[in-house]
Amino acid sequence: MQEVKLKRILHEMPTAKDTTRDALATSERIVRIVIMSAFIAVLAIESWLLWQVYQLF
């Protein structure tokens, strides 16, 4: 009985091929790129500010 449940669970799990078929829409890709760019910009600004503080000492 448990083997049947396990086989059913393993059969219903999505494979890597199934997940790659669900590609992101163009608008979702644009939003993802904008958010990642903004995050990198914030990190750059923070590192610049830390460098400015470091130069004070």
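Residues numbered from 1 in each chain as written. Predicted model: local features only at pLDDT ≥ 70, side-chain atom pairs only at ≥ 80, totals over all residues. Heavy atoms only, no water.

### Considerations on the overall build of the protein
Per the secondary structure count, the protein includes 3 helices and 0 strands. In the protein, the succession of helices and strands from N to C terminus is α-α-α. When burial is assessed residue by residue, the protein has 0% of its 57 residues classed as buried. When the accessible area of the protein is evaluated, it comes to approximately 6,000 Å², of which 69% is carbon and sulfur surface. (Helix = DSSP H or I, 4+ residues; strand = E, 2+ residues; numbered from the N terminus. Buried < 20%, exposed > 50% of the residue type's maximum accessible area, 1.4 Å probe, protein only. Areas by Shrake-Rupley, 256 points an atom, 1.4 Å probe, with all protein chains shown as cover.)

### Focus: the confidence of the model for the protein
Overall, the prediction assigns the protein a mean pLDDT of 85, with 81% of residues at 70 or greater. Per-element averaging of pLDDT across the protein places helix H2 (residues 16-21) at the bottom with 59 and helix H3 (residues 26-56) at the top with 96. (pLDDT = per-residue confidence, 0-100.)

### A few points about a nonpolar patch on the surface
On the surface, Leu6, Ile9, Leu10 and Met13 cluster together to form a nonpolar patch covering roughly 420 Å² of accessible area. Tracing the chain through its elements places Ile9 in helix H1 (residues 2-12). (Patch = residues over 30% accessible without salt bridge, like charges linked within 9 Å, V, L, I, M, F, W, Y side chains within 5 Å. Salt bridge = Lys/Arg side-chain N within 4 Å of Asp/Glu carboxyl O.)

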